[in-house]
2 protein chains.
Amino acid sequence: MKNNSTFALRGSICYSLDAETLAAEEHAYVVCENGVCAGVFQELPSRFQGIPCTDTGSSIIIPGLTDLHLHAPQYSLRGTKMDLELLDWLNAVAFPEETKYSDLTYAEQAYRIFTEDLKKSPTTRACIFGTLHVKATELLMDLTEETGIKAYIGKVNMDRNGPAELQEADAQASSQATVQWLTDISGKYENVKPILTPRFIPSCSDELMGELSDIQKKYRLPVQSHLSENPGETLWVQELCPDSSFYGDAYDRFGLFGGDSCPTIMAHCVYSSDREIALMKKRGVYVAHCPQSNMNLSSGIAPARKFLDQGLHTGLGTDIAGGHTLSMFRAIADAVQVSKLHWRLMEESQKALTFAEAFYMATIGGGSFFGKAGSFLPGYEFDALILDDSLFPHPQPLSVPERLERLTYLGGDQCVTGKYVSGRKIF
Amino acid sequence: MKNNSTFALRGSICYSLDAETLAAEEHAYVVCENGVCAGVFQELPSRFQGIPCTDTGSSIIIPGLTDLHLHAPQYSLRGTKMDLELLDWLNAVAFPEETKYSDLTYAEQAYRIFTEDLKKSPTTRACIFGTLHVKATELLMDLTEETGIKAYIGKVNMDRNGPAELQEADAQASSQATVQWLTDISGKYENVKPILTPRFIPSCSDELMGELSDIQKKYRLPVQSHLSENPGETLWVQELCPDSSFYGDAYDRFGLFGGDSCPTIMAHCVYSSDREIALMKKRGVYVAHCPQSNMNLSSGIAPARKFLDQGLHTGLGTDIAGGHTLSMFRAIADAVQVSKLHWRLMEESQKALTFAEAFYMATIGGGSFFGKAGSFLPGYEFDALILDDSLFPHPQPLSVPERLERLTYLGGDQCVTGKYVSGRKIF
C-alpha cells in the first residue's frame with residue numbers, strides 16, 4: 001500500500017550522522033514525504049510550504065529504535081527466575097513457558113500483552129522469535145501487524161535436545177511445518193514479514209539445517225539465530241559439530257550465515273573468535289548485541305567496541321526474556337554501562353562506547369537490516385519518536401543531546417508521546 | 001514526638017527473615033502499633049480487633065528501602081556526561097555543579113526537585129551528602145524534613161585538591177563552618193539528623209581530619225565518606241597518606257572509621273584489600289554498595305558476595321549522580337546483575353547474589369544503620385511500601401516473591417501507591 005502522507009514535525013531534532021556523531025537542531029522541522037524522510041530544516045523549504053505541521057514545542061524528535069533480537073513468548077516471564085545460566089535457564093524456565101503456546105487461548109492472552117506493550121514502546125522495528133508452533137506464530141504476526149510496527153517474525157525450528165513437549169518430531173516435520181507457515185501467511189501482511197529461525201545449533205540437527213537451507217533459498221528469507229552466547233553453549237556446539245571450525249561455521253556450512261542472498265542476524269556473539277568475527281564481516285552478518293540479557297544470564301560482556309572497529313553491522317536487542325525489559329532506551333544505556341566494565345575488567349585497549357555510538361547502534365545500526373531506517377537523513381523511512389522529557393525537571397539549562405542522553409538513562413519509555421513508522425502515525 | 005498511630009495493612013506481604021530468606025504471606029495483616037511493627041498475621045490477634053485496617057487487595061506490601069549513599073546536589077546532573085572516570089568526572093562535572101549551591105535560589109530550585117522525587121520514591125530512609133555550603137545544606141535538611149523520610153544529611157568538608165570555588169579556606173574554616181551548621185540545626189528536626197561528611201581523603205587535609213575527629217567526639221556524630229572506589233583514587237590516597245597502611249587506615253588514624261561510638265558508612269569499597277575488609281568488620285563499618293555508579297564511572301564491581309560472607313554490614317546506595325536513578329528497586333536489580341558479571345569475569349568462587357540477598361541489603365542491610373528498620377519482624381520501625389503491580393499484566397499465575405522480583409526488574413518505582421515511615425503515612 002502506497003503511503004501518501006506528507007507532513008512536518010517541529011521540535012528539537014536529534015539523530016545520528018554516523019557512528020560517532022549526533023546531529024541536533026532546536027526549533028527545526030523534519031519532513032515526511034510519502035513515508036520517507038525529506039530531511040531536517042531550520043525553515044521549511046518552499047516546496048513544503050503549506051503541508052500539515054505538528055509543533056511539538058520543546059519535545060525531542062528522534063528516529064525510531066530497532067530491537068534486533070527478542071523472544072515474544074518469553075515476555076510473560078520477564079524479570080522472574082533470574083538466577084540461572086543460559087542452558088539451565090532454557091530448560092527450567094524458557095522451554096516450559098514456550099510449551100504453553102500450543103494453547104492458542106494462552107498464546108492470545110500472552111501475545112496481546114506483548115504487542116500492546118510493544119506498540120507503546122520506543123521500538124519502531126523489531127526482529128522477533130515466536131515459538132515452534134505454526135498457529136501461535138501466525139497469531140503473533142496478526143497481532144503485531146495491527147500495531148503498525150515493522151517486524152520480521154520467525155516460527156522457531158528445533159528438532160533435538162529439547163523437552164518432548166517443545167520439539168518437532170524430526171527434520172521433516174519441522175521443515176513441513178515451516179512451509180505450512182510460509183504458505184499460510186503468504187501475501188497476508190503489510191508490516192510483518194517472515195524470517196527463518198533455527199533456534200540455535202544445539203536445537204537443530206544437520207538434517208534440519210539442510211532442509212532450512214533449501215527453504216531459505218526457495219523463499220529468499222532472511223535468517224535469525226543465536227551465536228557464541230555462553231561458554232557452556234559454545235563448548236557444546238564444538239561437541240555437536242566436530243567438523244565445524246567454529247560456532248558460526250556450523251551455520252555457514254548450510255549457507256545460513258549471511259551473504260547477499262541471505263541477510264542474517266546473530267544474537268550475542270559474546271565469545272566470537274577473531275575467525276568468527278572475520279567471517280561475519282565478510283558475509284555482512286548482523287550482530288544483535290544484547291547487553292542486559294548477557295548480564296542476567298551470567299553470559300559475560302560482548303566486545304561491542306571490536307564489532308564497531310571491525311566494521312560489523314551492529315544493532316542492539318532487548319533479548320526478551322534473557323533481558324527483562326522491552327525498553328530500547330535501556331538497551332542503549334546498558335550497552336554503554338557494560339562497555340565500561342569490559343574496558344575496566346577485560347581489555348583496556350578497547351575503549352568504552354559513547355552514548356552517541358550506542359544510540360547509533362539502536363537507530364541506524366539495527367535499522368539498516370530493514371533497508372534505510374534509523375536516521376533523518378533524506379531518503380530514510382520516516383520512523384520517528386516524539387519525546388516529552390518534562391517529567392524529569394532540571395534546574396540548569398541542558399543541550400538537546402544532553403537531554404536525550406538523560407532521558408535515555410532516566411527511563412525514556414515514559415517520555416514517548418508520539419510514534420511514526422514509515423510515515424504512519426502509530427499514536 | 002510520640003507516634004500514637006496503630007493500624008493494620010492487609011495484602012500480600014513479603015519481607016526478609018535473614019539474608020537468604022524471603023517470607024511471603026498472601027491475604028495477611030501487618031500491624032503498626034505506635035509506629036512500630038507488631039508482626040505479620042494471617043488473622044488479626046484479638047488485641048488488635050477493631051483497629052483501622054486498610055485492605056490493599058492484591059497489592060504487595062514490603063518494608064521500606066534504605067538508600068545508604070547519595071549526593072543530593074548531583075541529582076540535577078544525573079544521566080548526563082557519563083563518559084568520564086571518577087577523578088575526571090569530579091573535576092569536570094560534579095564539582096562545577098556543586099559550586100552552584102552557594103546560590104540559595106539555585107539550591108532551592110534543585111533541592112525541591114530532588115526532595116519531591118525522593119518523597120515519591122520507594123526510599124524510606126537515606127544517608128545523603130549535601131555540599132560544603134552551610135546554608136544550602138540547612139535548606140536541604142528543611143526540605144527533606146518535610147517529606148517525612150528519615151535521613152542523615154551531611155554538610156561536606158573539603159579543604160584541599162578542589163577547585164577554588166568549591167573548597168573551604170583551610171581546616172579551621174571547614175571546622176568552624178561545621179560547628180556553625182551543627183549549632184544552627186540543633187533540635188530543629190524530627191526526621192533528619194546530621195552526619196559528619198569528610199568528602200574523601202583526597203579532599204581533606206590531616207589537619208582537617210583532626211578537627212573533624214574532635215567534632216565527632218564532641219557531638220557524637222555518625223560518619224559517611226568514600227572508600228576504595230577507583231584504582232586512580234586509591235593510588236592517589238597512597239601518595240597522599242604514605243603513613244597509612246591502606247585507604248581505610250587513613251580514616252581510622254583519626255578515629256573516623258567505625259567503632260561503637262562512631263557509626264560509619266563507607267561508599268563503594270570496590271578495591272578494598274583483605275586487611276581493609278577485616279578492619280571494617282572489626283569496627284562495624286557499613287559498606288554502601290553502589291553498583292550502578294560503579295558501572296557509570298567505570299570503577300569496576302565491588303565484591304558484594306565477599307562482604308556478605310565476611311559478615312560486613314552491607315546496604316545499597318544509588319550514589320546519585322555517579323548513579324543516575326534514585327530507584328532503590330533498580331539498585332537491587334543492578335546488584336544482582338553486576339554480581340553475575342563479577343562471578344563470570346573476576347572470581348568464579350564468589351557466587352552471584354540472589355534476588356533475596358540483594359533485597360535484604362536494600363531493607364535490613366542498610367536499614368539497620370538507623371536501628372531496627374527494614375523488616376516486618378516485631379519491634380522494627382514501621383516503614384512500609386504498598387506496591388500495585390497491575391500495570392505489568394501477566395498471563396500465568398505468579399507467586400508473591402516472583403511478583404516482587406518482577407516488579408523490581410520492571411520498574412517498581414511506578415508501582416508505589418503508598419508509603420509509611422515509622423508508622424506515619426507519607427502518601
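Keep in mind that this is a model prediction, so the values were computed, not measured. Starting from 1, residues in each chain are numbered consecutively following that chain's sequence as written. Chain letters and ligand numbers both follow the written order, the letters beginning at A and the numbers at 1. With the structure being a predicted model, the display of local features is reserved for residues of pLDDT at least 70 and the display and counting of side-chain atom pairs for 80 or more, all residues being used for whole-chain, interface and lining totals. Side-chain measures here rest on the full set of heavy atoms in the structure, leaving out hydrogens and waters.

A. Highlighting the overall build of chain A. Helix numbering and strand numbering both begin at the N terminus, where a helix is a DSSP run of H or I of at least 4 residues and a strand a DSSP run of E of at least 2. Each helix and strand in chain A was counted, giving 13 helices and 17 strands. Radius of gyration: C-alpha atoms only; globule rule: 2.2 Å multiplied by the number of residues to the exponent 0.38. By the compact-globule yardstick of 22 Å for 427 residues, chain A fits well, its C-alpha radius of gyration being 21 Å. Based on the C-alpha atoms only, the size of chain A along its principal axes is roughly 60 × 50 × 40 Å. Each residue is placed in one exposure class: buried if its accessible area under a 1.4 Å probe, protein chains only, is under 20% of its type's maximum, exposed if it is over 50%, and partly exposed if it falls in between. For chain A, the proportion of its 427 residues judged to be buried stands at 67%. For chain A, restricting intrachain contacts to residue pairs at least 6 apart in sequence, the fraction spanning at least 24 positions comes to 75%. Element-wise, carbon and sulfur atoms account for 49% of the exposed surface of chain A, whose accessible area totals about 14,200 Å². Charged residues are defined narrowly, with Lys and Arg counted positive, Asp and Glu counted negative, and His plus the chain ends left uncounted. For charged residues, the charge sits on one atom: NZ in Lys, CZ in Arg, CG in Asp, CD in Glu. A distance of 4 Å separates the average location of the 37 positive side-chain charges in chain A from that of its 53 negative side-chain charges. Every residue pair with non-hydrogen atoms within 4.5 Å of one another is taken to be in contact. Per-residue and other accessible areas were derived by the Shrake-Rupley procedure at a 1.4 Å probe size, with only the shown protein chains allowed to occlude residues.

B. Representation of the relation of the copies chain B and chain A in the model. The transform that puts chain B on chain A rotates by 180° and translates by 0.0 Å along the axis, for an RMSD of 0.0 Å. Both copies of the chain, as the preceding transformation shows, are related through a two-fold rotation axis. Distance from the rotation axis, computed per C-alpha, reaches its smallest value in chain B at L345 of chain B: 3.7 Å. In this assembly the copies share their binding face: 100% of the residues contributing to the interface of chain B also contribute to that of chain A. C-alpha atoms of residues with pLDDT of at least 70 in both copies form the basis for the least-squares superposition of the copies.

C. Focus on the sheet that holds strand β13 (residues 286-289) of chain A. All names here are of chain A. Between any two strands, pairing holds if DSSP finds at least two bridges. Strands sit in the order β11-β12-β13-β14 across an open sheet of four strands; the sheet is parallel. Of all the strands in the sheet, the pair left with one neighbour each is β11 (223-227) and β14 (313-316). Recorded for the sheet is a direction-independent mean angle of 30° between the axes of neighbouring strands. Bridge count for strand β12 (residues 264-268) against β13 is three bridges, and the pairing is parallel. The partner of I265 across the bridge, within β13, is Y286. Comment: axis = line fitted to C-alpha atoms, over the contacting stretch for helices; angle = value between 0 and 180 degrees taken between N-to-C directions. Helix α11 (residues 328-345) rests against β13 and β14 of the sheet, and its axis sits at about 120° to β14.

D. Structural context of the interface of chain B and chain A. At the junction of the two partners, chain B supplies 51 residues and chain A supplies 51 residues. Take the accessible area each of two parts loses on contact, using a 1.4 Å probe, and add the two losses: that sum is the buried area. Buried surface at the junction of chain B and chain A, summed over both partners, amounts to about 4,300 Å²; 56% is from carbon and sulfur atoms. When the buried surface of chain B facing chain A is broken down by residue, K340, R344 and P395 of chain B rank first, second and third, together holding 15% of it. The term salt bridge refers to a side-chain nitrogen of Lys or Arg lying within 4 Å of a carboxyl oxygen of Asp or Glu. Taken together, the connections running from chain B to chain A amount to four salt bridges.

E. Inspection of the layout of surface pockets at higher detail. Approximately 1,300 Å³ is the volume attributed to the largest pocket. L410, G411 and Q414 of chain A together with G411 and Q414 of chain B are, among the 44 residues lining the largest pocket, the residues nearest its centre. Of all the secondary structure elements, the ones that give two or more residues to the lining of the largest pocket are α2 (104-120), α11 and α13 (400-410) of chain A together with α2 (104-120), α11 (328-345) and α13 (400-410) of chain B. Each residue receives one of three labels: charged for Asp, Glu, Lys and Arg, nonpolar for Ala, Val, Leu, Ile, Met, Phe, Trp, Tyr, Cys and Pro, and polar for the others, Gly being one of them. For the lining of the largest pocket, the residue count by class is 18 nonpolar, 16 polar and ten charged. Within this scheme a cavity is a closed region of a 1 Å grid, computed over the protein atoms alone, that accommodates a 1.4 Å probe without allowing it to escape, whereas a pocket is open but has protein on both sides within 12 Å along at least five of seven lines; lining residues each have an atom within 4 Å of a point. Grid points are joined across faces, edges and corners, and a volume is the space filled by probe spheres set on the points.

F. Focus on α11 of chain A. All names here are of chain A. Here, expected helix span is obtained from the residue count minus one, scaled by 1.5 Å. For α11, spanning 18 residues, the distance from its first C-alpha to its last is 25 Å, which sits close to the expected 26 Å at 1.5 Å a residue. The element α11 is extensively covered by neighbouring structure, given that 17 of its 18 residues are classed as buried. The term polar contact refers here to a pair of N or O atoms within 3.5 Å; inside protein, the definition further demands a hydrogen-donor-capable atom paired with an acceptor-capable atom, and it admits residues adjacent in sequence only when both atoms are side-chain atoms. Between the side-chain oxygen at the start of α11 and the backbone nitrogen of F329 there is a gap of 3.3 Å, and the oxygen is on S327.

G. View of the side chain of S228 of chain A. The residue S228 of chain A is located in the loop between β11 and α6 (231-240) in this model. Each residue touching S228 of chain A, except ones within four places of it in the same chain, is listed here: E233, T234, Y247, C269, V270, Y271, S272 and E276 of chain A.

H. Representation of the sheet that holds strand β7 (residues 150-154) of chain B in the model. Residues and elements named next belong to chain B. If you walk across this open sheet you meet the four strands as β5-β6-β7-β9, and the pairing is parallel. On the outer flanks of this sheet lie β5 (65-71) and β9 (192-194), each paired with one strand and no other. Direction aside, neighbouring strands of the sheet carry axes that sit 20° apart on average. Inspection of the sheet shows β7 paired to β9 by three bridges, in the parallel sense. By the bridge assignment for β9, Y152 is matched with K193. Against the sheet, α11 touches β5 and β6 (123-129), its axis set at about 90° to β5.

I. Molecular detail of the environment of A92 of chain A. Mapped onto the fold, A92 of chain A is located in helix α1 (residues 86-99). Distance in space between the C-alpha atoms of A92 of chain A and H394 of chain A is 45 Å, their sequence separation being 302 residues.

J. Main features of the pattern of salt bridges. Tallied over the entire structure, the rule returns 44 salt bridges over all chains. For D142 of chain A, the salt bridge identified is with K188 of chain A, shortest N-O distance 3.2 Å. Of this pair, D142 of chain A sits in helix α3 (residues 134-147) while K188 of chain A sits in the loop between α4 (171-185) and β9 (192-194), and the two are 46 residues apart along the sequence. Under the relative-accessibility criterion, D142 of chain A is labelled partly exposed at 25%. Residue class for K188 of chain A comes out partly exposed when judged on its relative accessible area of 45%. When the shortest N-O distance is used, the salt bridge between R424 of chain B and E190 of chain B registers 3.2 Å. Separated by 234 residues along the polypeptide, R424 of chain B in strand β17 (residues 424-425) and E190 of chain B in the loop between α4 (171-185) and β9 bring together distant segments of the chain. On the basis of relative accessible area, R424 of chain B is assigned to the partly exposed category, the value being 26%.

K. Structural detail: the packing of aromatic side chains. Here the aromatic set is Phe, Tyr and Trp, taking the six-membered ring for Trp, and pairing holds for ring centres within 6.5 Å; pairs whose planes are under 30 degrees apart are stacked, those over 60 apart are edge-to-face, and all others are tilted. All told, the structure shown has 32 aromatic pairs over all chains when counted by the stated rule. Here the aromatic rings of Y101 of chain A and Y106 of chain A are separated by 5.5 Å at their centres, their planes lie at 80°, and the arrangement is edge-to-face. With respect to class, Y101 of chain A is no different from Y106 of chain A; both count as buried. For the pair F382 of chain B and Y420 of chain B, a centre-to-centre distance of 6.0 Å together with 80° between the ring planes defines the contact as edge-to-face. Pair noted here: F382 of chain B is in the loop between α12 (355-367) and β15 (384-387) and Y420 of chain B is in strand β16 (residues 416-421), with a separation of 38 residues, a long-range link. Among the aromatic residues, those joined into a cluster by ring pairs are F7, Y15, F376, F382 and Y420 of chain A. The ring of Y75 of chain A carries the charged tip of R78 of chain A above its face, separated from the ring centre by 3.6 Å. Placement of a positive charge over a ring is assigned whenever Lys NZ or Arg CZ falls within 6 Å of the ring centre and within 35 degrees of the normal to the ring plane.

L. Layout of α13 of chain A. All names here are of chain A. By the criterion of burial, α13 is predominantly enclosed, with ten of the eleven residues buried. Among the residues of α13, V400, E402, R403, L404, E405, R406, L407, T408, Y409 and L410 are the ones counted as buried. At the C-terminal side of α13, G411 shows a positive phi close to 115°.

M. Unusual backbone geometry, seen in detail. Residue and element names in this part refer to chain A. With an omega of 0°, the peptide bond running from I320 to A321 counts as cis. Mapped onto the fold, A321 is located in the loop between β14 and α11. Unlike most non-glycine residues, K81 shows phi in positive territory, near 55°. With respect to the secondary-structure elements, K81 resides in the loop between β5 (65-71) and α1.

Functional significance is not addressed by these values, which are geometric in nature.
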